[in-house]
Amino acid sequence: MTKILGHADTLAILKNSVLSKKTAHSYLFSGIDGIGKKLVAIEFACMLNCPSYEAEERHKCRICDLIRKGSHADVRIVTPQKGSIRIDNVRQIQSFLKYSPVEAQYRVIILDDAHLINRSAQNALLKTLEEPPGSSILILVTSRASALLPTVKSRLRHVRFGPLERPLIAEELARKRKIGPDEAMSLAGLASGSLGRAIELLSANTLKFRNALTEVFTAGPDFGLASLLDLSFRISSDVQNFTDAIEFGMTWIRDLIVLKSGGATTSVIHTDLIDILATSAQHHPIRELLEIHTEMAKALELLNSDTNINRNMLADVMFLRIRKMLDYKTGVPSRLSVIEDSSNA
Ligand SMILES: [Zn+2]
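Report follows, based on the coordinates. (Residues numbered from 1 in each chain as written. Predicted model: local features only at pLDDT ≥ 70, side-chain atom pairs only at ≥ 80, totals over all residues. Heavy atoms only, no water.)

**Considering helix H1 (residues 8-19)**
Move 1: The terminal C-alpha atoms of H1 lie 16 Å apart, and with 12 residues this matches the ideal 16 Å at 1.5 Å per residue to within 8%.
Move 2: If you follow the buried residues of H1, they end up packed against strand S1 (26-30), helix H2 (37-49) and strand S5 (157-160).
Move 3: With its phi angle positive at about 55°, Lys 21 sits one or two positions after the end of H1. (Helix = DSSP H or I, 4+ residues; strand = E, 2+ residues; numbered from the N terminus. Expected span 1.5 Å × (residues − 1). Contact = heavy atoms within 4.5 Å.)

**Brief notes about the coordination of the zinc ion**
Move 1: The protein atoms that coordinate the zinc ion are Cys 50 (SG), His 59 (ND1), Cys 61 (SG) and Cys 64 (SG), at distances spanning 2.1 to 2.3 Å.
Move 2: The site at the zinc ion holds four donor atoms, and with the angles between them running 93 to 125°, its shape is tetrahedral.
Move 3: The motif formed by the donor residues of the zinc ion, counted along the single chain, is C-x8-H-x1-C-x2-C. Of this pair, Cys 50 sits in the loop between H2 and helix H3 (62-69) while Cys 64 sits in helix H3, and the two are 14 residues apart along the sequence. Considered together, Cys 50 and Cys 64 belong to a single accessibility category, that of buried residues. (Donors = N, O, S within 2.8 Å, 3.2 Å for Na, K, Ca; no water. Tetrahedral: all angles 85-135°; square planar, octahedral: opposite > 155°, others 65-115°. Buried < 20%, exposed > 50% of the residue type's maximum accessible area, 1.4 Å probe, protein only.)

**Some details on the sheet that holds strand S3 (residues 107-111)**
Remark on secondary structure: sheet strands pair via backbone hydrogen bonds, oriented parallel or antiparallel.
Move 1: Overall, parallel pairing links the five strands, which are arranged S2-S3-S4-S1-S5 in an open sheet. Edge positions in the open sheet fall to strand S2 (75-78) and S5, since each of these has one partner strand only. When strand polarity is set aside, the average angle formed by the axes of neighbouring strands in this sheet is 20°.
Move 2: Bridge count between S1 and strand S4 (residues 136-142): five bridges; the pairing is parallel. Paired with Leu 28 across the bridge in S4 is Leu 140.
Move 3: Sitting on the sheet, H2 touches S1, S2, S3 and S4, and the angle it makes with S4 is about 170°. (Pairing = 2+ DSSP bridges. Axes fitted to C-alpha atoms, helices over the stretch in contact; angles between N-to-C directions.)

Structure, rendered in structure tokens:
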């Protein structure tokens, strides 16, 4: 059985609503991607239909098993086909809900990625939301509730899902993917509360990539210009890589600012590199860090707003400016900075 991380309060509220018979006919489950909204929706279907669910947390029985496996006759999960949920899908839902449940109490429809229900399908769905057949429950699951028509949203009971706590994600990563606890904590920090995103980052070899960038921030003048431009070229050749690189860079600078201003080390994102960060923080004034941060934010904005932008050039400019600012103020004392320091002494 797939584990549900977090959301204990939401599960408890849903369970109470079932026990006290105060459920709605249609729901909107919203929150960022990769936090387990669909899993909770499936679990809700178990609560609604399992006669003995109240007895224990996450009941195990034939009915619950079938629902969780997606093979129960009365519970259906609808997902977008070729990027959308269309009017014929809504018709199928309507004919499924027309009949009484085969063996359960409710017929449940879970519409995953509900923001991909196209406009005419949303309008067709209104009728069902308006006059739902007696024993049916619809759950729309989405990370972009704003993409739903107001007329649809106003007919749904809204359940909001918050991001997952960082230690929960880190624990799960370390348990399932065999990585060290500090690295897991860093990835969890980068994933902003989404387990799905953390797994994506892990499989994209993010830490390796981040370490290459870390070198730029810590090596300063020792990081040769040719290597810098080569890295800049490799990163900017792919939009996603480039976006990730800027975001990592911003979290790196953010960590330096946190340490510099005496913030709690628990709020540092790159936990596994805290020693390097701490050394590096000693060498950069906050003003300079804020400048680099602004520089990166500008690059990110340009990258997002202008698809025709020359990414290689943008990356070169950004990396060269960062390097210039970091010159002679490096985290790891370089040959040049030692010479400069001794001449000042
Ligand atoms: Zn059960």
